[in-house]
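# Report on the structure
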Amino acid sequence: MKTLVIAEKPSVAQDIVRALTPVAGKFDKHDDHFENDKYVVTSAVGHLVEIAAPEEFDVKRGKWSFAHLPVLPPYFELKPIDKTKSRLSAVVKLVKRKDVSRLINACDAGREGELIFRLIEQYAGGLKNGSYQPLGKPVQRLWLQSMTPAAIRDGFEQLRSNEQMLGLADAARSRSEADWMVGINGTRAMTAFNSRDGGFFLTTVGRVQTPTLSIVVEREEKIRAHRSRDYWEIHASFLAEAGEYPGKWFDPNFKKPTGDDADAELRADRVWTQREALAIADAVRGKAASVKEESKPTTQACGLLYDLTSLQREANGRFGFSAKTTLQLAQSLYERHKALTYPRTDSRALPEDYLPTVRQTFEMLAGSGMKHLAPHAKTALDNSYIRPSKRIFDNSKVSDHFAIIPTLQAPSGLSEAEQKLYDLVVRRFLAVFFPSAEFMVTTRISSVLNHHFKTEGKVLVKPGWMAVYGKEAAEDVADAKDGDKGQNLVPVREGETVRTESVEPKGLKTKPPARYSEATLLGAMEGAGKLVDDDELREAMQEKGLGTPATRAAIIEGLLTEKYMFREGREIIPTAKAFQLMTLLRGLGVEELSKPELTGEWEYKLAQMEHGQLSRAAFMGEIAAMTERMVKKAKEYDRDTIPGNYATLSTPCPNCGGVVKENYRRYTCTGADGNSEGCGFSFGKSPAGRTFEPEEAEQLLRDKKIGPLEGFRSKAGWPFVAEIVIKFNEEEKNWKLEFDFGDDKKGEESGELVDFTGSESLGACPKCGSPVHEHGSNYVCEKSVPTLAQPTPTCDFKSGKIILQQPVAREQMSKLLETGKTDLLDKFVSMRTRRAFKAFLAWDKEAGKVNFEFEPRASKFPPRKTAVGAPAKAAPAKKAAPAKKAPAAKKAAAAKTPKAPRKTTAASGKQPSAALAAVIGEGPVSRPEVVKKLWDYIKANGLQDATDKRRVNADAKLAAVFGKPQVTMFEIAGIVGQHLS
């Protein structure tokens with residue numbers, strides 16, 4: 001009997017095999033697993049199974065209905081994830097093998113890893129009479145913090161029992177099911193509510209994503225509500241015997257206001273009228289000042305070791321890495337390079353028995369070739385810095401994982417980004433064992449006629465841990481350029497009187513709170529909406545944070561993808577769609593989905609469940625009750641609009657000149673006084689599911705057109721791009737909003753002439769050589785539309801300004817016209833799979849149009865070693881046969897062996913185009929071979945039309961070959977000929 005080991009990823013399965021081979025014997029490699037006498041080792045590729053959507057309530061006729069909500073299933077049906085179906089089948093087949101008597105869960109050590117394995121195990125058991133059947137095979141857990149061979153072997157020596165993992169398994173399932181219940185019901189209820197007036201307005205909500213969004217929206221509301229106020233600071237320069245020093249006026253009697261209505265902008269060093277500031281400056285200028293000074297030593301400890309969130313915050317602040325990028329880099333350093341310990345951790349401490357391993361790691365670093373790190377490791381060893389410390393080694397602060405630290409394996413071949421992140425972790429690991437940095441802080445008060453000026457000096461006495469960071473951290477003086485702080489102060493003798501040399505009132509304005517960056521948003525998620533900078537306090541709060549370290553990056557990326565917010569530099573800014581969602585949730589009274597603290601409480605309860613302190617049934621009961629309440633409020637809301645903070649547009653109504661105001665659903669005329677019913681002019685805020693920003697609505701009203709804009713969705717939920725215009729409707733005698741898809745044929749049919757006067761050409765038309773211009777939603781040859789010079793078009797060159805959601809900038813079209821190809825563009829979205837893909841746009845001379853061209857892909861399989869370098873074993877030398885006997889030898893050989901099929905050579909085959917090669921591979925090929933390979937590809941990817949098997953639907957790759965979204969099977973052979981040369 002054998003043990004089946006299931007890892008989360010193929011690379012981890014290979015690592016396990018390499019680690020076990022010395023102790024368990026050689027493994028044989030099969031297509032989807034490794035096997036020896038004792039073990040069968042296979043892997044998932046992330047999640048293979050998911051909770052099925054309730055199909056009978058799926059999108060029908062353009063929108064979801066309240067009729068079938070809420071969805072509270074008696075059990076959660078599982079379904080394979082489409083793109084990994086074959087992998088799931090292979091794993092389930094191994095699970096069910098009769099000679100497999102035991103399973104080992106070797107997925108990542110955490111909640112998600114537990115869920116991946118448990119869902120595979122459950123699915124393999126099969127569904128019968130409304131419940132999944134147990135497999136009846138015992139399960140053990142491999143819990144790895146490091147991916148080195150020694151750590152893997154140690155893990156197999158200390159496998160955890162199934163009973164030990166039940167709490168984590170319950171929390172994993174509960175998190176998944178809670179997200180499903182809130183996501184399915186919330187998204188469908190809010191979409192149904194927003195789609196009441198027609199169309200399909202997809203409004204996604206989630207148990208964690210929506211409270212995260214509310215944090216960003218609330219900050220933006222504070223920024224918009226902020227009214228800047230003038231204030232003054234008074235900066236002086238004092239002349240002592242030893243030289244000058246700066247000082248800033250302050251009120252020593254100032255007390256910070258408290259209470260809900262306290263003015264947070266009051267400060268001890270601010271004066272609120274220019275008159276008062278000038279009076280102080282005039283009173284003290286040129287006068288003598290007495291000096292009181294206090295100097296005291298202070299220390300500053302290094303920050304704690306990194307968990308994932310603190311690493312993501314630091315990497316975002318230092319390098320601009322997104323949270324997603326940092327997680328990918330850390331995962332690569334853990335899995336591929338074995339250089340870091342498990343990254344998806346929420347702990348910033350190490351186990352108390354880890355001191356010997358830490359010392360070994362320092363020895364590895366000291367002996368490594370990393371010249372920027374090795375000397376610091378050697379210093380720590382020579383000075384015995386590596387000692388037990390509760391701040392570093394604390395079992396009570398280590399949950400499933402410990403802090404991220406380097407492993408005993410020195411990495412090589414790191415990318416630049418990987419090296420940056422590795423250095424960041426190693427420096428913190430080294431620095432945390434170094435002594436605290438020591439400063440001498442001097443506070444000097446210069447008093448002139450009852451006015452007081454403060455000067456602070458900070459001098460680094462002993463760098464301590466800051467030595468690991470070099471000068472960058474040694475110059476750690478905040479606001480040194482503001483004039484009242486500096487590292488060194490000129491000395492003043494005791495009792496010396498100094499002179500107020502110059503005084504200048506500085507007029508300033510209060511600033512709104514800063515927008516979130518990914519670093520600060522991660523911190524706010526960790527503190528459940530409260531921005532916490534202090535390491536220890538943040539650590540105390542993180543159990544009640546939004547999401548987990550492993551999921552926060554994905555939550556942020558999801559909100560960006562759904563267009564609820566966007567990045568501008570390092571700032572994260574919410575969109576009009578986000579404000580509309582928050583207005584809806586507040587108006588409906590669905591606080592559960594808009595309060596970060598409440599969702600933080602749920603995360604805390606999941607952590608309690610992991611430790612056996614809360615039952616799964618109790619938690620899921622709370623989620624079900626919240627879901628029912630949320631749907632009920634949306635379903636029963638009966639008022640016309642939802643109260644909110646709405647905009648008033650400055651452009652008047654085009655029909656009557658009245659005031660146009662925003663409400664929940666529309667921008668509408670409210671008459672000349674802004675408070676009446678108006679003339680009936682209005683337009684929807686979210687045509688085809690895309691919400692106007694107030695600035696866009698203003699532009700549309702002012703210019704009567706806007707676009708092309710992306711982000712619209714058809715009634716069936718498909719994305720599309722269009723311009724929007726406001727046109728006068730003769731029947732209704734009012735202006736109406738319409739989509740304009742830039743159909744240039746309309747001009748041709750109506751005889752309306754296009755005037756390109758003043759339009760700058762982008763280049764020469766590749767078909768006829770005439771100038772190409774921007775026109776509507778396309779780039780067109782000037783001879784492809786009716787103009788004064790040529791009323792009847794003679795050319796048909798045209799290319800969209802947005803293709804499959806990818807904007808094509810003027811510069812890119814110019815480059816295509818000049819060189820035949822654009823740069824690599826990365827925002828195309830397949831109409832079939834809805835997945836993003838990268839491609840060049842290139843002029844296809846044979847097809848006579850712009851087509852996709854894909855990057856050549858390197859083979860996944862490295863060339864055999866015998867192909868380069870040392871030749872394979874030479875065949876035994878043969879005596880050359882006489883020339884006259886050659887035909888007889890050939891005839892004999894032919895009689896003995898069947899005739900081999902003729903091989904396609906460079907001479908006999910044809911070279912495929914780049915688009916075709918992206919599907920069938922490089923190299924000369926015959927037309928029958930192409931057709932066979934194409935059909936293999938079509939069948940493997942399920943591209944035959946479900947309603948008509950004679951038709952083929954093109955995915956992103958085939959679209960570039962076929963030149964259209966669908967072809968019949970009879971067209972394929974003809975199309976292939978155009979791609980062979």
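Once that is clear, we can look at the overall build of the chain. Of regular secondary structure, the chain possesses 27 helices and 37 strands. Of all intrachain contacts in the chain linking residues separated by at least 6 positions in sequence, the fraction that spans at least 24 positions is 66%. Surface accessibility of the chain: about 49,800 Å² in total, with carbon and sulfur atoms responsible for 51%.

Quick look at the environment of Ser 777 now. Within the secondary structure layout, Ser 777 lies in the loop between strand 28 (771–775) and strand 29 (778–781). Given a relative accessible area of 14%, Ser 777 falls into the buried group. Considering only alpha carbons, one finds Ser 777 and Ser 799, 22 residues apart in sequence, at a separation of 8.8 Å.

Let's shift gears to the side chain of Ser 770. Within the secondary structure, Ser 770 sits in the loop between strand 27 (763–764) and strand 28. On the basis of relative accessibility, which here comes to 7%, the residue Ser 770 falls in the buried class. Ignoring anything within four residues of it in the chain, the contact list for Ser 770 reads Gly 763, Ala 764, Cys 765, Cys 781, Glu 782 and Lys 783.

Buried residues dominate strand 1 (residues 2–7), accounting for six of its six residues. Where burial is concerned, the two faces of strand 1 agree: the one with Lys 2, Leu 4 and Ile 6 and the one with Thr 3, Val 5 and Ala 7 are both buried. For strand 1 and strand 7 (residues 100–106), the ladder comprises six bridges, and the chain directions are parallel. The residue bridging Thr 3 from the neighbouring strand is Arg 102, located in strand 7. Sheet topology note: the strand 1/strand 4 (residues 39–43) ladder contains five bridges and is parallel. Note that in strand 4 the partner of Leu 4 across the bridge is Val 40.

In space, the seven strands of this open sheet follow the order 2-3-4-1-7-10-11, with mixed pairing throughout. A strand with exactly one partner marks an edge of an open sheet, and here the two such strands are strand 2 (28–29) and strand 11 (160–161). Direction of pairing for strand 7 relative to strand 10 (residues 139–141): parallel, over a ladder of three bridges. Opposite Ile 104, over in strand 10, you have Gln 140 as the bridge partner. Packed on one face of the sheet, helix 1 (residues 10–24) meets strand 1, strand 3 (34–35), strand 4 and strand 7 and runs near 165 degrees to strand 4.

Here the focus is helix 12 (residues 416–431). An α-helical turn contains 3.6 residues, so any two residues separated by three or four positions project in the same direction. Counted at 1.5 Å a residue, the expected span for helix 12 with its 16 residues is 22 Å, and the 22 Å between its end C-alpha atoms agrees. Its buried side turned inward, helix 12 meets helix 8 (308–319), helix 9 (323–335), helix 10 (355–366) and helix 11 (374–382).

In contact at an axis separation of 10 Å, helix 9 and helix 12 are set at 85 degrees when each is read in the N-to-C sense. The angle between the axes of helix 9 and helix 12 places the two elements in the roughly perpendicular class. Judged by residue contacts, Thr 326, Leu 329, Ala 330, Ser 332 and Leu 333 of helix 9 engage Ala 417, Glu 418, Leu 421 and Tyr 422 from helix 12. Of the residues assigned to the contact of helix 9 with helix 12, the class counts are six nonpolar, two polar and one charged.

Now for the state of the cysteines. The final tally for this structure, using the stated rule, is zero disulfides. No disulfide involves Cys 765; its sulfur sits 3.8 Å from the nearest other cysteine sulfur, which is in Cys 795. A residue is classified by how much of its surface remains accessible, and Cys 765, at 4% relative accessible area, is buried. Cys 781 forms no disulfide, and the closest cysteine sulfur to it belongs to Cys 768, at a distance of 3.5 Å. The exposure class assigned to Cys 781 is buried, which follows from its relative accessible area of 0%.

Orientation of helix 5 (residues 166–194) relative to helix 19 (residues 616–636), taken along the N-to-C sense of each, is 5 degrees, at an axis distance of 10 Å. Between helix 5 and helix 19, the interaxial angle falls into the category roughly parallel. Every residue of helix 19 that contacts helix 5 at Asp 170, Arg 173, Ser 174, Glu 177, Ala 178, Met 181, Val 182, Asn 185, Gly 186, Ala 189, Met 190 and Phe 193 is listed here: Arg 616, Phe 619, Met 620, Ile 623, Ala 624, Met 626, Thr 627, Met 630, Val 631 and Ala 634. Residues belonging to the contact of helix 5 with helix 19 are distributed by class as follows: 14 nonpolar, four polar and four charged.

Okay, the pattern of salt bridges next. Within the structure shown, the criterion is met by 51 salt bridges. With a shortest N-O distance of 3.4 Å, Arg 499 and Glu 501 are connected by a salt bridge. A relative accessible area of 44% places Arg 499 in the partly exposed class. For Glu 501, a relative accessible area of 36% corresponds to the partly exposed category.

Core analysis: the largest hydrophobic core is formed by 83 residues, its most contacted members being Leu 213, Leu 521 and Met 565. The greatest single-element share of this core, amounting to 11 residues, is contributed by helix 5. Leaving out residues up to four positions away in the same chain, Met 565 has contacts with Leu 213, Val 216, Leu 521, Ile 556, Leu 559, Leu 560, Ile 572, Ile 573, Pro 574 and Thr 575. Tyr 306, Ala 315, Val 432 and Trp 465 belong to the second-largest nonpolar core, a separate cluster that totals 50 residues.

Our next topic: helix 16 (residues 552–561). In terms of residue burial, helix 16 counts as a mostly covered element, since seven of its 10 residues are buried. Turning to helix 16, its buried residues number three or more, namely Arg 552, Ala 553, Ile 555, Ile 556, Glu 557, Leu 559 and Leu 560. Looking at the buried residues of helix 16, the elements they touch are helix 6 (209–225), helix 8, helix 9, helix 14 (518–526), strand 19 (565–568) and strand 20 (571–574). One or two residues past the end of helix 16 sits Lys 563, with phi positive at roughly 60 degrees.

A word on the sheet that holds strand 21 (residues 660–662). Spatially, the three strands line up as an open sheet ordered 21-22-23, and their pairing is antiparallel. Because the sheet does not close on itself, it has two edges, and the strands there are strand 21 and strand 23 (682–684). Adjacent strand axes in the sheet meet at a mean angle of 15 degrees when their direction is disregarded. Where helix 20 (residues 694–703) meets the sheet, it contacts strand 21, strand 22 (666–669) and strand 23, and its direction lies at approximately 135 degrees from that of strand 23.

Let's shift gears to the side chain of Asp 423. Following the sequence through the fold, Asp 423 ends up in helix 12. Although buried, Asp 423 forms no salt bridge, and the nearest oppositely charged side chain, Arg 427, lies 5.2 Å from it. At 3.0 Å, the side chain of Asp 423 forms a polar contact with the side chain of His 372.

Mapping Pro 786 onto the fold places it in the loop between strand 29 and strand 30 (798–800). Taking relative accessible area as the criterion, Pro 786 reaches 3% and is therefore assigned buried. Sequence-wise, Pro 786 and Val 754 are 32 residues apart; in three dimensions their C-alpha atoms are separated by 6.0 Å.

Scoring rules and cut-offs
- Residues numbered from 1 in each chain as written.
- Predicted model: local features only at pLDDT ≥ 70, side-chain atom pairs only at ≥ 80, totals over all residues.
- Heavy atoms only, no water.
- Helix = DSSP H or I, 4+ residues; strand = E, 2+ residues; numbered from the N terminus.
- Contact = heavy atoms within 4.5 Å.
- Areas by Shrake-Rupley, 256 points an atom, 1.4 Å probe, with all protein chains shown as cover.
- Buried < 20%, exposed > 50% of the residue type's maximum accessible area, 1.4 Å probe, protein only.
- Pairing = 2+ DSSP bridges.
- Axes fitted to C-alpha atoms, helices over the stretch in contact; angles between N-to-C directions.
- Expected span 1.5 Å × (residues − 1).
- Parallel < 35°, antiparallel > 145°, perpendicular 65-115°, else oblique.
- Nonpolar A, V, L, I, M, F, W, Y, C, P; charged D, E, K, R; others polar.
- Disulfide = S-S within 2.5 Å.
- Salt bridge = Lys/Arg side-chain N within 4 Å of Asp/Glu carboxyl O.
- Core = buried A, V, L, I, M, F, W, Y, C linked by side-chain atoms within 4.5 Å.
- Lys, Arg positive; Asp, Glu negative; His and termini not counted.
- Polar contact = N/O pair within 3.5 Å; in protein donor to acceptor, adjacent residues only side chain to side chain.

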